[in-house]
Amino acid sequence: MADSSKNPRIVVGHRPAEVCKKLADFIVDDMAKKSGPYHVAWSGGSTPKVLFKLLAEEYLDRIDWSRLHSYWGDERMVPHDHEESNYRMCRALLLDQVPVTEDQIHPVHTELMPEIAASDYSETLLENLPTNDAGLPVFDLNILGMGDDGHTASIFPHQMELLTDKRVCAVATHPDSGQKRVTITGPVINASAKVIFLVTGARKAEKVGEILGGSAKAETYPAAHVQPENGGLYWFLDEGAYSNR
Ligand code: 6PG
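Residues numbered from 1 in each chain as written. Predicted model: local features only at pLDDT ≥ 70, side-chain atom pairs only at ≥ 80, totals over all residues. Heavy atoms only, no water.

**What about the sheet that holds strand β7 (residues 180–184)?**
Within the open sheet, the three strands sit side by side as β4-β7-β6. Their pairing is antiparallel. Edge positions in the sheet fall to β4 (74–76) and β6 (169–173), since each of these pairs with one other strand and no more. For this sheet the average axis-to-axis angle between neighbouring strands, irrespective of direction, equals 25°. Here β6 runs beside β7; their pairing, made up of five bridges, is antiparallel. Within β7, the residue paired with V171 across the bridge is V182. Running over the sheet, helix α4 (residues 114–128) touches β6 and β7 and is turned about 145° from β6. (Pairing = 2+ DSSP bridges. Helix = DSSP H or I, 4+ residues; strand = E, 2+ residues; numbered from the N terminus. Axes fitted to C-alpha atoms, helices over the stretch in contact; angles between N-to-C directions. Contact = heavy atoms within 4.5 Å.)

Given below as structure tokens:
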């Protein structure tokens with residue numbers, strides 16, 4: 001199946017471990033298609049924990065870790081040692097277990113005030129990533145999750161304007177907790193060479209089905225508006241998340 005954003009490629013695994021293995025193998029293959037630095041935006045939340053552990057335990061010798069640069073598509077504005085930190089989770093489960101150096105890890109500076117952190121991270125991305133004709137940073141791989149409400153990164157349904165925000169990063173607000181977040185904006189997501197939705201669990205199936213089925217209801221879900229301009233769009237799903245197709 002073509003991997004154009006209009007016709008995303010769907011990869012299904014029986015369980016999260018299997019779909020994460022398919023994604024890990026995808027990363028190995030994609031890295032082999034280019035040389036030099038390989039820039040990955042990791043998603044947050046709980047879903048990627050399985051992927052991080054798998055990469056650390058079984059891909060130590062299958063990935064040239066010296067090429068891999070880590071970023072985050074969004075980050076909660078909490079200290080880096082806070083239990084809700086996306087950076088902390090990825091660092092503990094993956095980055096501290098593989099041979100990467102500090103200059104390959106690019107966290108959001110959450111010690112700053114939110115607006116300052118957002119503009120600081122915009123600079124970090126522009127300094128470290130190649131840019132497209134529009135001057136936007138281009139990730140080689142942008143791994144996204146999807147929330148129960150259809151949000152992705154930290155673009156929530158009540159802040160759809162972040163899908164077209166001209167900035168590279170912006171401050172978002174969690175609709176329930178009010179927690180401030182830094183998120184990459186829609187244009188940066190869509191500038192990525194490849195965008196991967198890694199979504200597992202039956203509770204996500206209804207919205208996944210509405211998005212992949214082109215339902216009008218999906219228009220209110222930020223995840224439905226991810227359409228990489230020149231890149232590929234992939235949905236890596238377990239059977240639970242794919243059960244409404
Ligand atoms: C975050 C994420 C967010 C996450 C989804 C899915 O910081 O929370 O980046 O977009 O990917 O909310 O979260 P789960 O994997 O926990 O379901």
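**Quick look at the state of the cysteines**
Counted by the stated rule, this structure contains zero disulfides. Of all cysteine sulfurs in the structure, the one in C90 sits closest to C20, which takes part in no disulfide; the separation is 13 Å. When its relative accessible area of 1% is taken as the criterion, C20 is described as buried. In this structure C90 comes out as buried when scored by relative accessible area, which is 0%. (Disulfide = S-S within 2.5 Å. Buried < 20%, exposed > 50% of the residue type's maximum accessible area, 1.4 Å probe, protein only.)

**A few points about α4**
Two residues of an α-helix separated by three or four positions point the same way, owing to the 3.6 residues in each turn. Taking 1.5 Å as the rise per residue, α4 with 15 residues should run 21 Å; its terminal C-alpha atoms sit 21 Å apart, in good agreement. Restricting attention to buried positions, one finds in α4 the residues A117, A118, Y121, S122, T124 and L125. Along the axis of α4, the buried positions cluster into a sector of 160°, meaning they face one direction only. Looking at the buried side of α4, the elements it contacts are β3 (68–72), β6 and β7. (Expected span 1.5 Å × (residues − 1). Arc of directions from axis to C-beta.)

**Structural notes on the packing of helix α2 (residues 48–58) against helix α3 (residues 86–93)**
Running from N to C, α2 and α3 cross one another at 30°; their axes reach a closest spacing of 8 Å. Taken as axis vectors, α2 and α3 run roughly parallel relative to one another. Considering how the two elements wind past one another, α2 and α3 form a crossing that is right-handed. Contact with α2, carried on its side by P48, K49, F52, K53 and A56, involves M89, C90 and L93 of α3 and no other residues of that element. Here the residues of the contact of α2 with α3 are counted per class, giving six nonpolar, no polar and two charged. (Parallel < 35°, antiparallel > 145°, perpendicular 65-115°, else oblique. Left-handed = near helix turned anticlockwise from the far one by under 90°. Nonpolar A, V, L, I, M, F, W, Y, C, P; charged D, E, K, R; others polar.)

**A short note on the layout of surface pockets**
Roughly 380 Å³ of volume is contained in the largest pocket. Around the largest pocket, the lining is made up of 27 residues, and of these G44, G45, M146, G147 and H151 lie nearest the centre. Of all elements in the fold, only β4 and β5 (141–144) reach the threshold of two or more residues within the lining of the largest pocket. Class assignment of the residues belonging to the lining of the largest pocket gives a composition of eight nonpolar, 13 polar and six charged. (1 Å grid on protein atoms, 1.4 Å probe; cavity = no way out; pocket = protein on both sides within 12 Å on 5 of 7 lines; lining within 4 Å. Points joined across faces, edges and corners; volume = space filled by probe spheres on them.)

**Overview of the site of the ligand**
Contacts to the ligand come from 15 residues, most closely from T47, D74, R76, A153 and K204. Within the side chain of D74, a nitrogen or oxygen atom sits 2.6 Å from an oxygen atom of the ligand. Within the side chain of R203, one N or O atom sits 3.3 Å away from an oxygen atom of the ligand. In this structure, the ligand is accommodated by the largest pocket. (Near = heavy atom within 4 Å. Polar contact = N/O pair within 3.5 Å; in protein donor to acceptor, adjacent residues only side chain to side chain. Sits in = over half its atoms within 2 Å of the grid points.)

**A closer look at unusual backbone geometry**
Phi is positive for A153, close to 50°, though the residue is something other than glycine. Considering the arrangement of structural elements, one finds A153 in the loop between β5 and β6.

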